[in-house]
Amino acid sequence: MLSSQIRTHFLEYFQARDHLLVPSASLVPEDDPSLLLVGAGMVPFKPYFLGRKQPPAPRLTSCQRAFRAVDIEEVGNSTRHDTFFEMLGNFSFGSYFKEEAIRYAYQFLTAEMGLDPDRLHFSIHPSDELSERLWREVAGVGRERIVALEDNYWQAGPTGPFGVDSEIYYDLGPEFGSAPQESPGRGDRYLEIWNLVFMDSERLPDGSSVPLPRPGVDTGMGLERITRVVQGKSSIFDTDLFSPLVQDFRSRSEARDQLGEGAGRRHLWILADHARGACALVSDGVRPSNEGRGYVLRRLVRRALVSAQALGLTGGLAPAARVVAQILAGPMPQLLGQVGEIESVLLEEEARFAEVLDRGLGLFLRLAAEGSGITAEDAFRLHDTFGFPIELTRDLAASRGLEVDTVGFERLLEEQRQRGRGPVGTDLPALPASEFVGYEQLEVEARVELVLSGGRPVEGLDQGERGAVVLDRSPFYPEGGGQVGDRGRLTWTGGSAEVEDTQPGGQRSQLLSCLVTSGQLKPGLAVRAEVDPDHRLGCAAHHSATHLVNAALRLVLGPEVAQRGSLVTPDHATFDFSWSRPLTPEEVLQVERRVNDAVRRDLPRRVELLTLEEARSSGAIALEGETYREPVRVVSFLGFSRELCGGTHVAASGQLGAVVLTGERSVGQGLRRLELRAGPAAERWWEAQRELLHQTALALGSPPAEVPGRVATLRDRARGLERALREASQGRGGGDISLPFPGGELPAHDSPLPMERAEMRRLGERLAERAPSGSAVVLAGGTLLILLGPQLTGRGLAAGELAKMVCSALGGAGGGRPELGQGTLPEGEHAAALRELRNILEKLPEEA
């Protein structure tokens, strides 16, 4: 069974039980400052559990993309851990509770997935006597397969809904054991595959709790883990969700012949997981930085690049973006159109990392030459000042027979975290004021007021060191309102520094993240501050474009459209807005036309400083939930757009040249996202599309104008050939065979092509209808289906047991009910499965 079939079957199973299917939300949480990233399927539904919003239906099901940064260090050392994953889930908001959740889960795993019930184990919270009784009564589970664990409790972040849970484990077998006397929750033999959370309380910010308005059910099953079990693989990295990536990296490694076990395999697993995670994060608008989500992405990419370096990988990480897009094309079709953008982000980060290695390697070699190991302080300095990952320090030290004080390093890292998130610690005095003059000027003379390193004031930064700087006046725009921070350069007599990012440092200050390229940067220094004009112009163009898009959406869809967020970068922008359905192609085209009409009219930009009441009464649009400090800044493009905004903009709409909408998709319940490019970025996008069309036309041997018709013809021809092949395999061309048993024959169909499970069921029923025994067997693409009628069940045969016997004997898995059995087989084992079936049937006793 392919992972895509498992995903589809899960969602269809719950849809058939009155659950509304909702699309996956973005990895970036909406209106939830307690979380950096969505780490569970229920995160988008927290307002429903808390009773603050009405769910679209009392029962929901979804396949939510999720990311858990806490597991980064586990990846590569475990057969089960990954960072980015898909969470299959079913949810109830007062519609049902423990009994139905347990019944649904057990039936899906045994009757639908064909898992052996005897290999399923269950854990409960010690206080949850009801769940223990339900597992025994509803599922018929013996007490010996239920364990009580104190950590069977789940909470969605530091605040929010919580409750006890019950976890389902699959026994992988004694060969996977890692410790004596293993049990669920202890060791590697028992794999947790599904968690059923029974939400009944809310954790408040002060640590207290209150009952939820109505109890709810939140379940989560990792697609990667259930796919591993169904496909009978030794690790998640052997499934079809990872194996194409593993093969890609293996083929590009200089050490491809030594990658079966140990460190080589570990590096392949790291690369495969981190490539998936990086692509998903970039797709959802995250960009590498030294803060928050951006730091998670930077850490992920750089850890992968350490593994790429260890394997001597040709081409680095970027070429894997296309493989990831193909693997995830079903749940994330937008990836196919974002490959070029993702590759650019990864290549840029790879180049930055190469600079890091150049700067830090000299210090590492000096420390290593001392021969006494790497102290915690030195490892932390490599990490914090030079951006050297601790993994790289460990690997380099190990290759020289040196130890690294990683325990002390983690202690220093935790101390830095406790001083506060970001480059400034909460134990520091208020930052010096920094006057922002960047609306009018891109270059100014300034004075360095403060220099920080590791969150602490320092006397200066030397060449090759990174830190944060506060100027008395600054032309750099700090990140805010969805717009990324400015980049640029500081120069002074005898030195220079690259400004890599600009972040707010409080109400009246800002922090420049700097890399000193020559000389020493210290407080009191007179510097020339210069904003990168291309970076600023790109951001300004895309910020102005989002204003025009906002106005055009309201004209096309109506005034009820409300902006929910945006991302503004030099080369693209996204615009999130409230809307309950996908936009039609015609609506997208109308929005784009209205935007470009405003561009052609070259509307002058106007900026006003008003009170909030004056701004609202003048018709200015404000972002819902945003806090504004008076006087507010109102930016308008004459007669078309008027918004409260502190960002940078072009002087007139005509400077945009053109705006192109490159994508429209869901990023959450009732939330849509438009992706766009403006100015030179739009021109580059058009050029890339034209080149794609040109290459496609060359491959098809057709003029560009005939490509759509040619593709449609080929698609119809392929469908016809596939249909003919399937019909041939189902007809008298050898696909249908008979399995004799005393007193009759069992019709069987054998096809190498995979089929949807419903299609297999229909084919089996047709064969069974024509057979005196009322029974049939279908084998398709490694999946086994057995239907048994009364003639055979009355002779002691059970389809589920038969599927279990056949599949288990060949290294697969099976199970089911007396009349219906299903299972999965290792690749190429159809003939062996038929032999096993024949042997079993021939030994049936004669009918009495």
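Above this note sits the structure.
Residues numbered from 1 in each chain as written. Predicted model: local features only at pLDDT ≥ 70, side-chain atom pairs only at ≥ 80, totals over all residues. Heavy atoms only, no water.

Description of unusual backbone geometry
Step number 1: Phi angles above zero are rare outside glycine, and D18 is one such case at about 70 degrees.
Step number 2: The phi torsion at D602 lies on the positive side, around 50 degrees, for a residue other than glycine.
Step number 3: Mapped onto the fold, D602 is located in the loop between α15 (585-600) and β21 (605-610).
Step number 4: Owing to a relative accessible area of 42%, D602 belongs among the partly exposed residues under this scheme. (Helix = DSSP H or I, 4+ residues; strand = E, 2+ residues; numbered from the N terminus. Buried < 20%, exposed > 50% of the residue type's maximum accessible area, 1.4 Å probe, protein only.)

Re the pattern of salt bridges
Step number 1: Within the structure shown, the criterion is met by 41 salt bridges.
Step number 2: We note a salt bridge from E349 to R298, for which the minimum N-O separation is 2.8 Å. Here R298 lies in helix α8 (residues 292-311) and E349 lies in helix α10 (residues 339-369), a separation of 51 residues in the sequence. Of the two residues, E349 and R298, both sit in the buried class.
Step number 3: The closest approach of N and O atoms between R761 and E765, which form a salt bridge, is 3.3 Å. Remark: E765 and R761 occur in helix α19 (residues 757-770); sequence separation between them is 4 residues, near one turn of the helix.
Step number 4: Residue classification places E765 among the partly exposed positions, given a relative accessible area of 35%.
Step number 5: The structure contains a network of salt bridges with shared partners spanning E348, R352, R466, R487 and E500. (Salt bridge = Lys/Arg side-chain N within 4 Å of Asp/Glu carboxyl O.)

Regarding the packing of α8 against α10
Step number 1: Close contact between α8 and α10 brings their axes to 10 Å; oriented N to C, the two are set at 70 degrees. By the criterion of interaxial angle, the relationship of α8 to α10 is roughly perpendicular. α10 is crossed by α8, and the crossing has right-handed handedness. In this structure, α8 uses R298, V301, R302, L305, V306 and Q309 to contact α10, whose residues at the interface are L346, E349, E350, R352, F353, V356 and L357. (Axes fitted to C-alpha atoms, helices over the stretch in contact; angles between N-to-C directions. Parallel < 35°, antiparallel > 145°, perpendicular 65-115°, else oblique. Left-handed = near helix turned anticlockwise from the far one by under 90°. Contact = heavy atoms within 4.5 Å.)

Considering the sheet that holds strand β31 (residues 820-824)
Step number 1: In space, the 6 strands of this open sheet follow the order β26-β27-β28-β29-β31-β30, with mixed pairing throughout. Every interior strand has two partners, whereas the edge strands, β26 (736-741) and β30 (813-816), have only one. Going from strand to strand, the sheet's axes swing by 15 degrees on average, the running direction of each strand aside.
Step number 2: Sheet topology note: the β26/strand β27 (residues 744-751) ladder contains 6 bridges and is antiparallel. Directly across from S738, in β27, lies its bridge partner P747.
Step number 3: Its contacts with the sheet place α19 against β26, β27, β28 (776-780), β29 (783-787) and β31, and it is angled at close to 145 degrees to β28. (Pairing = 2+ DSSP bridges.)

Overview of the packing of aromatic side chains
Any two aromatic rings considered together are summarised by their centre-to-centre distance and by the angle between their planes.
Step number 1: According to the stated counting rule, one finds 24 aromatic pairs in the structure shown.
Step number 2: Taking 5.4 Å as the distance between ring centres and 80 degrees as the angle between the ring planes, the aromatic pair formed by F10 and F108 counts as edge-to-face. Taken together, the positions of F10 in helix α1 (residues 3-15) and F108 in helix α3 (residues 98-112) put the pair 98 residues apart, joining distant regions of the chain.
Step number 3: Taken together, F10, Y13, F14, Y96, Y104, F108 and W194 form an aromatic cluster joined through their ring pairs.
Step number 4: Geometry around Y13 places R17 over its ring, the cationic atom sitting 3.7 Å from the centre.
Step number 5: The ring of Y439 has R633 sitting right over it, with the charged end atom 3.7 Å from the ring centre. (Phe/Tyr/Trp six-rings, centres within 6.5 Å; stacked < 30°, edge-to-face > 60°. Lys NZ or Arg CZ within 6 Å of the ring centre and 35° of its normal.)

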